[in-house]
Amino acid sequence: MSEDQKKYMRAAIALAKEGMLAGNGGPFGCVIVKDGQIVGQGCNSVLATNDPTAHAEVVAIRDACKNLNHFQLEGCEVYTSCEPCPMCLGAIFWARPAKVYYACTKEDAAEAGFDDDFIYQEIEVSPADRQIPMVSMMREESQKAFELWKEKGDKKLY
Ligand SMILES: [Zn+2]
């Protein structure tokens, strides 16, 4: 790892500590770097914003996309103080950065009381059998939105 990369990870770890000590949420921080510049950052803000999706990576992705005025993070690197949870992993794949660096592992997070293993297990379970049952309804009516999308001439693919 280069000194610059260590600097970015230290910034993510500092955000983790600062955010947690300020009562924003759990001890997680993230910075997003493009061309040697930090273009987005965030700490876990679940408690401060009453937003269960405000994990450090999601907050940082939103910040970076806003600053870059783009819906994707092409050519960006994500530095996160901990291995992403399944939600953030999904958000990262949707945002499409070039690479992710993480410090702590999900095992370290589990040891601190942040165990996301049950979500990985739930992905394997059929929707109706999940701990939060997921029930399909009105499929045909909703498929009309897809039909409109397929026909939409000026759509922006992402
Ligand atoms: Zn997460």
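Described below are features of the structure shown in this document. (Residues numbered from 1 in each chain as written. Predicted model: local features only at pLDDT ≥ 70, side-chain atom pairs only at ≥ 80, totals over all residues.)

A word on the pairing of strand E4 (residues 99-104)
Successive side chains on a regular strand alternate, one facing one side of the sheet and the next facing the other.
Then comes step 1: Sheet analysis places strand E3 (residues 76-82) next to E4, joined by five bridges and oriented parallel. Along E4, the bridge assignment pairs tyrosine 79 with tyrosine 101.
Then comes step 2: Handedness of the crossover joining E3 and E4 through helix H4 (residues 86-95) is recorded here as right-handed. (Pairing = 2+ DSSP bridges. Helix = DSSP H or I, 4+ residues; strand = E, 2+ residues; numbered from the N terminus. Right-handed = clockwise from strand over helix to strand, strands pointing away.)

Quick notes on the sheet that holds E4
Then comes step 1: Pairing in this open sheet of four strands is mixed, and the strands run E2-E1-E3-E4 from one edge to the other. The sheet is open, and its two edges are formed by strand E2 (37-43) and E4, each paired on a single side. Put simply, the sheet's adjacent strands are angled 15° from each other on average, direction ignored.
Then comes step 2: Against the sheet, helix H1 (residues 3-21) touches strand E1 (29-34), E2, E3 and E4, its axis set at about 150° to E1. (Axes fitted to C-alpha atoms, helices over the stretch in contact; angles between N-to-C directions. Contact = placed C-beta atoms within 7 Å.)

A few points about the environment of asparagine 24
Then comes step 1: The residue asparagine 24 is located in the loop between H1 and E1 in this model.
Then comes step 2: Along the sequence, asparagine 24 and threonine 49 sit 25 residues apart, while their C-alpha atoms lie 7.7 Å from each other.
Then comes step 3: Setting aside residues up to four positions removed in sequence, asparagine 24 forms contacts with Gly19, Cys43, Asn44, Ser45, Leu47 and Ala48.

Spatial relationships are all this shows, so hold off on functional conclusions.
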